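Structural features, examined
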Amino acid sequence: MATLPKDVLLFYEHIVRTQHKSLHRLAMVLLSQKGSIGSISQAEDAVQEAFTIAWEKREEFYHHPNPAGWLTITLKNVVKNMVRADQRWAERLLQIPPDSVLSPPGADLELEGFVPPEDLDLLKRLYLHKETYEEICQDLGIKKSALAMRVNRIKAQFRKNYAEIEKNIPPECEQTGSGGHDNSRGGSKT
């Protein structure tokens, strides 16, 4: 890896200052076009992730002939990944097909004790009913940062419980193909 010029930090700061607004607007548009829950905070998360990637790959970014274009493509990929993650959460939440609006009968009962009812309701509002963070924050009377922390905590607990259950499934009960998990790929981490 070649030594970076001393002015790389100034270059990066300049790019952040000059590109932030346009990237944020683009993230909002992309999120709304993709049918995501597209909140201002989610767009900001996408922009920050794009800038983080740019910093992690700063040598490539610094030497790229079109840094603004590099950031735009990176942001588009970040948004695609965010939308995919939202879709996986909605599908996993109630184990429903991606094109179905209704949950299967008894899905809430299957998750009883697995996810506290108030947490399940919050996840449903976000991923199935497509409510925005702003709408939920206003309803609950909390700040977006508090809601984001709560959602992250719920997801972490969900992943932990889900992994524990998967670990204890006897081999004869495991499914493969479109209806189950393909353990050869390691499953989803989201």
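Thresholds applied
Residues numbered from 1 in each chain as written. Predicted model: local features only at pLDDT ≥ 70, side-chain atom pairs only at ≥ 80, totals over all residues. Heavy atoms only, no water. Helix = DSSP H or I, 4+ residues; strand = E, 2+ residues; numbered from the N terminus. Buried < 20%, exposed > 50% of the residue type's maximum accessible area, 1.4 Å probe, protein only. Contact = heavy atoms within 4.5 Å. Areas by Shrake-Rupley, 256 points an atom, 1.4 Å probe, with all protein chains shown as cover. Salt bridge = Lys/Arg side-chain N within 4 Å of Asp/Glu carboxyl O. Axes fitted to C-alpha atoms, helices over the stretch in contact; angles between N-to-C directions. Left-handed = near helix turned anticlockwise from the far one by under 90°. Nonpolar A, V, L, I, M, F, W, Y, C, P; charged D, E, K, R; others polar. Bend = angle between axes of the 7 residues up to and from the residue. pLDDT = per-residue confidence, 0-100. Phe/Tyr/Trp six-rings, centres within 6.5 Å; stacked < 30°, edge-to-face > 60°. Lys NZ or Arg CZ within 6 Å of the ring centre and 35° of its normal.

What to know about the overall build of the chain
A count of helices and strands for the chain gives eight helices and zero strands. Sequence-ordered secondary structure for the chain, helices as α and strands as β, is α-α-α-α-α-α-α-α. Every one of the 190 residues in the chain was classed for burial, and the buried ones make up 34%. Contacts in the chain between residues far apart in sequence, at least 24 positions, make up 63% of those at least 6 positions apart. A total of about 12,100 Å² of accessible surface is found on the chain, and carbon and sulfur atoms cover 54% of it.

Some details on the pattern of salt bridges
Under the criterion given, the structure shown has five salt bridges. Note that Arg153 is salt-bridged to Asp119, the shortest N-O span being 3.8 Å. With Arg153 in helix H8 (residues 144-167) and Asp119 in helix H6 (residues 117-128), the pair connects residues that are 34 residues apart, well separated along the chain. Lys144 is the partner of Glu134 in a salt bridge, and the nearest nitrogen-oxygen pair spans 3.0 Å. Residue Glu134 is located in helix H7 (residues 133-140), and its partner Lys144 is located in helix H8; the two are separated by 10 residues in the primary sequence.

Focus: the packing of H6 against H7
Following both chains from N to C, one finds H6 and H7 inclined at 145°, their axes separated by 10 Å at the closest point. Remark: the crossing between H6 and H7 carries right-handed chirality. On H7, the residues touching Leu122, Arg125 and Leu126 of H6 are Tyr133, Glu135, Ile136, Asp139 and Leu140. A per-class count over the contact of H6 with H7 returns five nonpolar, no polar and three charged.

Some remarks on helix H1 (residues 8-33)
The largest bend in H1 amounts to roughly 50° and is located at Gln19. Inspection of H1 places Val8, Phe11, Tyr12, Ile15, Gln19, Leu23, His24, Ala27, Leu30 and Leu31 among the buried residues, and these make up the whole buried set.

What about the confidence of the model for the chain?
Mean pLDDT over the chain works out to 74, with 66% of the residues at or above the 70 mark. This stretch, residues 96-110, has a pLDDT under 50; its non-local contacts, to residues over four places away or in other chains, come to 15 contacts.

As for the packing of H1 against helix H2 (residues 40-56)
With their axes 9 Å apart at the nearest point, H1 and H2 run at an angle of 145° to one another. With respect to the hand of their crossing, H1 and H2 are arranged in right-handed fashion. In this structure, H1 contributes Leu9, Tyr12, Ile15, Val16, His20, Leu23, His24, Ala27, Met28 and Leu31 to the contact, and H2 contributes Ile40, Gln42, Ala43, Glu44, Ala46, Val47, Gln48, Phe51, Thr52, Ala54 and Trp55. Looking at the contact of H1 with H2, its residues break down into 15 nonpolar, five polar and one charged.

Regarding the packing of aromatic side chains
Throughout the structure, instances matching the rule amount to four aromatic pairs. Through successive ring pairs, a cluster of aromatic residues spans Phe11, Phe61, Tyr62 and Trp70. Geometry around Trp55 places Arg58 over its ring, the cationic atom sitting 4.4 Å from the centre.

Digging into the side chain of Thr74
By secondary structure assignment, the location of Thr74 is in helix H4 (residues 67-94). Overall, the relative accessible area of 11% leaves Thr74 in the buried class. When near neighbours in sequence (up to four residues on either side) are disregarded, Thr74 contacts Ala50 and Ile53.

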